[in-house]
Amino acid sequence: MKKNPTHIPLITQEGQELIFDNLTNPRIVSEFINILNQIINSPNKNLILNFKNVKATFPNVSVPIAGIIENMSLRGINFEFYYLTEYLKKLSVKTPLRVQENKELAQKASLDKIWRFDSADDIYLLINSFVDELSHIIVCEKGVLEGFEWSINEVLDNVLQHSSRSFGYVMGQVHPKTKHFAFCVYDTGQGIYNSLLSSLVHKPKTPAEALKLAVKEGVTRDKKIGQGNGLWGLHQIVSENTGILNITSNSACYNLTNNEFKTFDRVPQLPYDNGCIVDFQIDYGKEISISKALGGYEPVNLKLESLEDNSGNINIDLHSKESGVGTRTSGEKIRNELINIYKQSSKNISLDFANINIVSSSFADELIGKLVTEFGFYGFNNIFKLKNMNSIVQSIVQRSVAQRMMESYNGNVEEKSNETTPDIEKPS
Ligand SMILES: Nc1ncnc2c1ncn2[C@@H]1O[C@H](COP(=O)(O)OP(=O)(O)O)[C@@H](O)[C@H]1O
Ligand SMILES: [Mg+2]
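Because the structure is predicted, anything quoted here is derived from the model rather than measured.

What counts as what
- Residues numbered from 1 in each chain as written.
- Chains lettered and ligands numbered in written order.
- Predicted model: local features only at pLDDT ≥ 70, side-chain atom pairs only at ≥ 80, totals over all residues.
- Heavy atoms only, no water.
- Near = heavy atom within 4 Å.
- Polar contact = N/O pair within 3.5 Å; in protein donor to acceptor, adjacent residues only side chain to side chain.
- Areas by Shrake-Rupley, 256 points an atom, 1.4 Å probe, with all protein chains shown as cover.
- Helix = DSSP H or I, 4+ residues; strand = E, 2+ residues; numbered from the N terminus.
- Nonpolar A, V, L, I, M, F, W, Y, C, P; charged D, E, K, R; others polar.
- Phe/Tyr/Trp six-rings, centres within 6.5 Å; stacked < 30°, edge-to-face > 60°.
- Buried < 20%, exposed > 50% of the residue type's maximum accessible area, 1.4 Å probe, protein only.
- Lys NZ or Arg CZ within 6 Å of the ring centre and 35° of its normal.
- Pairing = 2+ DSSP bridges.
- Contact = heavy atoms within 4.5 Å.

Caption draft 1: Geometry of the site of ligand 1. In the neighbourhood of ligand 1, 19 residues make up the surrounding shell, with His162, Ser195, Thr220, Arg221 and Gly228 lying closest. A distance of 2.9 Å separates a nitrogen atom of ligand 1 from a polar atom in the side chain of aspartate 187. Between ligand 1 and leucine 231 there is a distance of 2.9 Å, counted from an oxygen atom to a backbone nitrogen or oxygen. Here ligand 1 loses 95% of its free accessible area of 530 Å² to cover by the protein chains. Residue assignment for the shell around ligand 1 shows that the elements contributing at least two residues are α6 (144-162), α7 (191-197) and α9 (230-240). Here the shell around ligand 1 takes 4 residues from α7, the largest share from any one element. When its residues are assigned to classes, the shell around ligand 1 shows 6 nonpolar, 11 polar and 2 charged.

The following block contains the structure:
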């Protein structure tokens, strides 16, 4: 009677058809690998993947599954897809999106998609897009965006440097309810154990030992190529944030949760292309001290530096914003971006309205009105400076701010329990 729920398969196999229960439980990846191991040795190499039950996906499941499908297709297994919903199509679970062929999409909407990167240029473009998009849709505490940017750079670069393949897969996703974002990187290369075995210094005895070594400071397969800071730094940053880190490579898995680590062995593997999965989740409502995490090292924030004028203030040229000054969505995006810039830099910010003839009232409300209620009138005045506003824009902003302040005042007085602070963490 007492059946252990972990033994109920999450992929139901009916002949050549595989019915996926979900794409959110990482156990699915292991089950999929076990099934593929049988198929490789059987005469019928056709598989039907049925996604009729899939309502949502997490990166740590969909990224490896998509990477495995793409690579097993090249090794003679034919996949057919049933019930590939619009959502799964957009995600590109069937054929991960190539960065070079989808540059515009990458720059506009990089999250919730499975990307295949093939070069350092692809990595650069993707990381800029991830950071931009995150800073537009959520408000991150100090150090979060910088810590993320540093970490994802290291993990993606590791694929090109160490995996023995020239490509990998990545996806990011925001969970506004729990204030987390999750990223997963997968490659179909030699894996961390094999890579460290090639080193003259480190000789891990098992794949699990290799993972414990790889996250240590200074451990690299070759001092001429690396310094051994990447996985150590990622581990430190996740740990500073009490986030979650999973590294699965060869037959082992390393898990860090609540600042306690565990390793598992006997993770199912394919006979080739075992690769490496690095999956991490960051609580963006929780500050990360980068210099504490990285032992005093503070990465230079080139993006912030490029926004600074001669006197060290941040200057935002609203006219150059692609989303424009006409919509509520654009106002919300720019507001989130400004709050993130302020949290990262604690610097004064000038909003330059030069060359803007008119703004919509909803844009003004979403940007200025809500910034005033977020920081308070006094706080807003201390942080922000509005410049080069023509008289029409001035009167539109004036009206929006007055209304917003009135509303927030009334809301606070009449219904204390009814929060009037803008819902800044909700993606539009
Ligand atoms: N995707 C990967 N595939 C294979 N080996 C990897 C991968 N990522 C990391 N490694 C191994 O882990 C070691 C430590 O990585 P890291 O801490 O980033 O240091 P570095 O890149 O400076 O060597 C690497 O030297 C390499 O042996
Ligand atoms: Mg590295």
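Caption draft 2: Expanded view of unusual backbone geometry. The phi dihedral of tyrosine 83 is positive, around 55°, even though this residue is not glycine. Take tyrosine 83: it is sitting in the loop between β4 (78-82) and α3 (86-91). Look at asparagine 259: it is not a glycine, yet its phi comes out positive at around 60°.

Caption draft 3: The arrangement of the packing of aromatic side chains in detail. Summed over the entire model, instances satisfying the criterion amount to 17 aromatic pairs. Here the aromatic rings of phenylalanine 32 and phenylalanine 79 are separated by 6.3 Å at their centres, their planes lie at 45°, and the arrangement is tilted. Here phenylalanine 79 lies in strand β4 and phenylalanine 32 lies in helix α1 (residues 27-40), a separation of 47 residues in the sequence. Each member of the pair, phenylalanine 32 as well as phenylalanine 79, carries the same accessibility label: buried. Ring centres 6.3 Å apart and planes at 25° place the aromatic pair phenylalanine 51 and phenylalanine 81 in the stacked group. Of the two residues, phenylalanine 51 is situated in the loop between β3 (46-50) and α2 (59-73) and phenylalanine 81 in strand β4; the sequence distance between them amounts to 30 residues. Accessibility classification places phenylalanine 51 together with phenylalanine 81 in one group, the buried group. Taken together through their ring pairs, the aromatic side chains of Phe130, Phe148, Phe181, Phe183, Phe280 and Tyr284 make up a single cluster. The ring of tyrosine 272 is capped by arginine 75, whose NZ or CZ atom sits 3.8 Å from the centre of that ring.

Caption draft 4: Examining the pairing of strand β12 (residues 276-283) more closely. By the criterion of burial, β12 is predominantly enclosed, with 7 of the 8 residues buried. Examined bridge by bridge, strand β8 (residues 180-187) and β12 share 8 bridges and lie antiparallel to one another. When the sheet's bridge partners are listed, valine 185 is paired in β12 with valine 278. Sheet topology places strand β9 (residues 244-249) next to β12; 6 bridges connect them, and they run antiparallel. For serine 249, the partnering residue across the bridge sits in β12 and is cysteine 276.

Caption draft 5: Inspection of the environment of serine 164 at higher detail. In this fold, serine 164 is placed in the loop between α6 and β7 (168-175). Of the residues examined, serine 164 reaches a relative accessible area of 49% and is grouped as partly exposed. Along the backbone, serine 164 and threonine 206 are 42 residues apart, and their C-alpha atoms lie at a distance of 20 Å. If we skip the residues at most four places from it in the chain, serine 164 touches Gly189 and Gln190. A polar atom in the side chain of serine 164 sits 3.4 Å from the backbone nitrogen of glutamine 190.

In short, shape yes, function no, at least from these values alone.
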